[in-house]
Amino acid sequence: MSIEQLFVNTSLSQRITQNEWEQLVTIANSPLTPEEQLMVKRIVHSVRRGWFSILGQEGSALDANSNSLATASPA
């Protein structure tokens, strides 16, 4: 999934799966265009502010502040 698709999907649903979050971490560590960097930062910011939820494997929302995902954030 491209960053653009991920950005649109998360913006519309206000949710990101744990798998997508991990992909975002991987993508964020690769060379990105300024537009892609901005999209990654907006997703991360939204998760940290609590505007987007991270869904675990079973579909339940995870707490980004207490979960290990918060420490593995791409920004």
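Every value quoted in this text rests on a predicted model; they were computed, and no experiment measured them. (Residues numbered from 1 in each chain as written. Predicted model: local features only at pLDDT ≥ 70, side-chain atom pairs only at ≥ 80, totals over all residues. Heavy atoms only, no water.)

A. Examining the overall build of the chain more closely. Across its full length, the chain carries four helices and three strands. Written out in order from the N terminus, the α and β elements of the chain read α-β-α-α-β-β-α. Counting every position in the chain, which comprises 75 residues, the buried fraction comes to 36%. Total accessible area on the chain is roughly 4,700 Å²; 50% of this is exposed by carbon and sulfur atoms. (Helix = DSSP H or I, 4+ residues; strand = E, 2+ residues; numbered from the N terminus. Buried < 20%, exposed > 50% of the residue type's maximum accessible area, 1.4 Å probe, protein only. Areas by Shrake-Rupley, 256 points an atom, 1.4 Å probe, with all protein chains shown as cover.)

B. Fine view of helix 1 (residues 3-13). Taken together, the buried positions of helix 1 are Ile3, Leu6 and Thr10. One side of helix 1 carries all its buried residues, which in axial view fall inside an arc of 60°. Close packing links the buried residues of helix 1 with strand 1 (15-17), helix 2 (18-28) and helix 3 (34-49). Note on helix 1: the residue one or two positions beyond its end, Gln14, has a positive phi of about 60°. (Arc of directions from axis to C-beta. Contact = heavy atoms within 4.5 Å.)

C. Region of the structure containing the side chain of Thr10. Relative to the elements of secondary structure, Thr10 occurs in helix 1. Apart from residues no more than four positions distant in its own chain, Thr10 is found in contact with Arg15, Ile16, Ile43 and Phe52.

D. Representation of unusual backbone geometry within the structure. A positive phi is found at Gln14, a non-glycine position, where the angle reads about 60°. Structurally, Gln14 can be placed in the loop between helix 1 and strand 1. Gln14 sits in the partly exposed class, given a relative accessible area of 46%.

E. Representation of the packing of helix 1 against helix 3 in the model. With their axes 10 Å apart at the nearest point, helix 1 and helix 3 run at an angle of 30° to one another. Note that helix 1 runs across helix 3; the crossing there is left-handed. Along its contact with helix 1, which presents Ile3, Glu4, Leu6, Phe7 and Thr10, the element helix 3 presents Glu36, Met39, Val40, Arg42 and Ile43. (Axes fitted to C-alpha atoms, helices over the stretch in contact; angles between N-to-C directions. Left-handed = near helix turned anticlockwise from the far one by under 90°.)

F. Spotlight on the packing of helix 2 against helix 3. Helix 3 packs onto helix 2 with a crossing angle of 140° between their chain directions and a minimal axis gap of 11 Å. Relative to helix 3, the element helix 2 lies oblique. Judged by the sense of rotation from one axis to the other, the crossing of helix 2 with helix 3 is left-handed. On helix 3, the residues that touch Trp21, Leu24 and Ala28 of helix 2 are Val40, Ile43, Val44 and Val47. (Parallel < 35°, antiparallel > 145°, perpendicular 65-115°, else oblique.)

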